[in-house]
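# Commentary on secondary and tertiary structure
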Amino acid sequence: MKQKTHWKFTLILGIVGFVLALQYNTMNTTSPRDTRDLWAIRKELSSEKKIHSELLEEIRGIDQTLAAYNASPEANAANVLQDTLDKLYKQAGFMPTTGPGFVIEVAPSPESIALGYEIKPVSSELLAWFINVVNQQQGNELEIDGKRFTTLSWIRDINGNLTVSGEVVSTPPFNIKVVSPSKEASEELYNQLLTTTIQDEFYLDDLILTISEPTDRITLQGWTGGFENRFLKEQTKE
Amino acid sequence: MWLPLLGLLLGVSLGLLSDIQIPQVYNNYLTIAILAAFDTLFGGIRAYLQQVYDDRIFVSGFFFNILLAAALAFIGVHLGVDLYLAAVFAFGVRLFQNIAVIRRILLAKWTGRNKNSDTNT
């Protein structure tokens, strides 16, 4: 290749390389335009702060447990361990819980009784929707017709019967109990349930929800069905 | 041989270091320009190997093809027809053809060299 041709090829390849790199830059670093306004950003910031505070609280709790382990003598360590175990059982819904909350009665509507309609079980979709409304607030615990609803529970329609974790929920009337972490949270949820369309949704299925006023003491039963442990393994200290 | 590769490396590093970004609206033009540049480049290599290489054709073809492709894309956007696809198709087909010819010539040269070395020994 002649020297002159060499230089031309070099120049052209240089341009090609440059354009390629530009394309690479453009494809890899283009970020979508941020179109949020001040209030949207403030809202996001507030939710992040909430998560931050929740995490801090969780860390504080774990630190306290750790300090209790370290501070207690050998004999007491078993007690601390038992406490932690009880706490975990309670968190998982295996222990009875008492706290501020309210009772919701699900009953057939007077019209459907007067007109002699057949009373059908609550549909699984409707109950799942109701639980989603309750779970919009964190820390609420539920008991549906005497069956504790835990994080591992499921709702299914089996042969036309509504079941919670495999146990049949009776045909209305039955009660749903809700326990909240505090009285304020319970009142907030109560007001939220009164203002949402959940009552109308139940009424469409010929059911009415009677929500009682929040009280200080509502007791939920613990889940008695046991649980399947598929992922956790015992840690052995070497 | 090494000088053109050095040019390519220099261009790539200059582009990466410069941190210039093309706005998303012009992305199509850039893509088509790259395709046109590749087409001319491989056309040039092919012409050189076939010993019909001409400097003027190579350099003018490089810039003209890029401009033509960008113009097609521009007109396509304003007419509401994806004309740049025509350019993508044409350049794509030529690119494959050129690379195939280059491969054949290099293979022929390689086998010829092997035969020569065999007869010499």
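Refer to the preceding data block for the structure.
Small disclaimer: the values here were computed from a predicted structure and weren't measured. (Residues numbered from 1 in each chain as written. Chains lettered and ligands numbered in written order. Predicted model: local features only at pLDDT ≥ 70, side-chain atom pairs only at ≥ 80, totals over all residues. Heavy atoms only, no water.)

## Regarding the overall build of chain B
To be explicit about the condition: A run of DSSP states H or I qualifies as a helix once it reaches four residues; a run of E qualifies as a strand once it reaches two. Both are numbered from the N-terminal end. Throughout, the radius of gyration refers to the C-alpha atoms, and the reference size of a globule is 2.2 Å times the residue count to the power 0.38. Accessibility here uses a 1.4 Å probe with only protein chains present; expressed as a share of the type maximum, an area under 20% marks a residue as buried, one over 50% as exposed, and anything in between as partly exposed. In this description, contact between two residues means that some pair of their heavy atoms is separated by no more than 4.5 Å.
A count of helices and strands for chain B gives four helices and zero strands. Helices (α) and strands (β) of chain B occur, in sequence order from the N terminus, as α-α-α-α. In terms of C-alpha radius of gyration, chain B reaches 18 Å, well past the compact-globule figure of 14 Å for 121 residues. The principal-axis extents of the C-alpha atoms in chain B amount to approximately 65 × 35 × 25 Å. Counting every position in chain B, which comprises 121 residues, the buried fraction comes to 30%. In chain B, of all internal contacts separated by at least 6 residues, the share reaching a separation of at least 24 is 75%.

## Brief notes about unusual backbone geometry
Going from P172(A) to P173(A), the amide bond is cis rather than trans, its omega being 10°. Mapped onto the secondary structure, P173(A) falls in the loop between β6 (167-168) and β7 (174-179). The phi dihedral of Q51(B) is positive, around 60°, even though this residue is not glycine. Locating Q51(B) in the fold gives a position in the loop between α2 (27-49) and α3 (55-79).

## Some points on the pattern of salt bridges
Residue and element names in this part refer to chain A. Rule in force here: The term salt bridge refers to a pairing of a side-chain nitrogen on Lys or Arg with a carboxyl oxygen on Asp or Glu at a separation within 4 Å.
As enumerated under the stated definition, the model contains nine salt bridges over all chains in all. Linking R36 and D34 is a salt bridge whose minimum nitrogen-to-oxygen distance equals 2.9 Å. For R36, a relative accessible area of 38% translates into the label partly exposed. Salt-bridge contacts for K183 lead to E187; the nearest nitrogen and oxygen are separated by 3.8 Å. You can see K183 and its partner E187 sitting in helix α6 (residues 183-195), four residues apart, about one turn around the helix. Judged by relative accessible area, which is 28%, K183 ranks as partly exposed. Connected through shared salt-bridge partners, D34, R36 and E44 make up one network.

## Considering the interface of chain B and chain A
The line we're drawing: Computed with a 1.4 Å rolling probe, the buried area is the accessible surface lost when two parts are put together, summed over both parts. Here a polar contact is recorded for every N or O atom pair within 3.5 Å, except that within protein the pair must consist of a potential hydrogen donor and a potential acceptor, and residues adjacent in sequence are included only if both atoms are side-chain atoms. By the convention adopted, Pro, Cys, Tyr, Trp, Phe, Met, Ile, Leu, Val and Ala count as nonpolar, Lys, Arg, Asp and Glu as charged, and the other residues, Gly among them, as polar.
If you look at the interface, chain B gives 33 residues, while chain A gives 26 residues. Here chain B packs against chain A, burying approximately 2,800 Å² in sum over the two surfaces, 75% of which is carbon and sulfur. Considering only the side of chain B, the residues that lose the most area to chain A are L3(B), P4(B) and Y48(B), jointly responsible for 17% of the buried surface there. Counting every contact that joins chain B to chain A gives one salt bridge. Two residues, D55(B) and K8(A), come together in a salt bridge whose shortest N-O distance is 3.2 Å. Applying the counting rule to chain B against chain A returns five residue pairs in polar contact (both at pLDDT 80 or more). Among the elements that make up the side of chain B that touches chain A, the one with the highest residue count is helix α1 (residues 2-18) of chain B (11 residues). Per-class residue counts for the side of chain B that touches chain A are 22 nonpolar, nine polar and two charged.

## Topic: the packing of aromatic side chains
Residues and elements named next belong to chain A. Here is the rule we go by: Only centres within 6.5 Å qualify two rings of Phe, Tyr or Trp (six-membered ring in Trp) as a pair; their planes then separate them into stacked at under 30 degrees, edge-to-face at over 60, and tilted for everything else.
Scanning all chains against the criterion turns up 10 aromatic pairs over all chains. When the centroid spacing of 5.9 Å and the interplanar angle of 70° are considered together, the rings of Y89 and F94 count as edge-to-face. Under the relative-accessibility criterion, Y89 is labelled partly exposed at 36%. For F94, a relative accessible area of 17% translates into the label buried.

## Here's the deal with α3(B)
All names here are of chain B. In plain terms, the rule: Given a helix with a known number of residues, its expected span is that number minus one, times 1.5 Å.
Here α3 contains 25 residues, and its C-alpha end-to-end distance of 36 Å stays within 8% of the 36 Å for a straight helix at 1.5 Å per residue. Of the residues making up α3, those classed as buried are D55, F58, G61, F62, N65, I66, A69, A73 and G76. A distance of 3.0 Å separates the backbone nitrogen of R56 from a side-chain oxygen at the start of α3, and that oxygen is part of D54. Phi for G80, located one or two positions after α3, is positive at around 80°.

## Looking at the side chain of T97(A)
Residue and element names in this part refer to chain A. By the secondary structure assignment, T97 is in strand β1 (residues 97-108). Judged by its relative accessible area of 4%, T97 falls in the buried class. At 3.2 Å, the side chain of T97 and the side chain of R148 are in polar contact. In this structure T97 touches K90, E141, R148, V179, I218, T219 and L220, once residues within four positions along its chain are discounted.

## Considerations on the sheet that holds β6(A)
Strands in a sheet are paired, the pairing made by backbone hydrogen bonds, and the direction either parallel or antiparallel. Residues and elements named next belong to chain A. For clarity, the cut-off: Pairing between strands is defined by DSSP: at least two bridges between them are needed. In this description, a line fitted to the C-alpha atoms serves as the axis of each element, helices being fitted only across the stretch in contact, and the angle between N-to-C directions of two axes falls anywhere from 0 to 180 degrees.
Read from one edge to the other, the open sheet built from three strands follows the order β4-β5-β6, with strand pairing classed as antiparallel. Whereas interior strands pair on both sides, the edge strands pair on one side only; in this sheet they are β4 (155-158) and β6. Bridging between strand β5 (residues 161-164) and β6 involves two bridges; their strand directions are antiparallel. Paired with V164 across the bridge in β6 is E167. Packed onto the sheet, helix α5 (residues 124-135) meets β4 and β5 and runs at close to 170° relative to β4.

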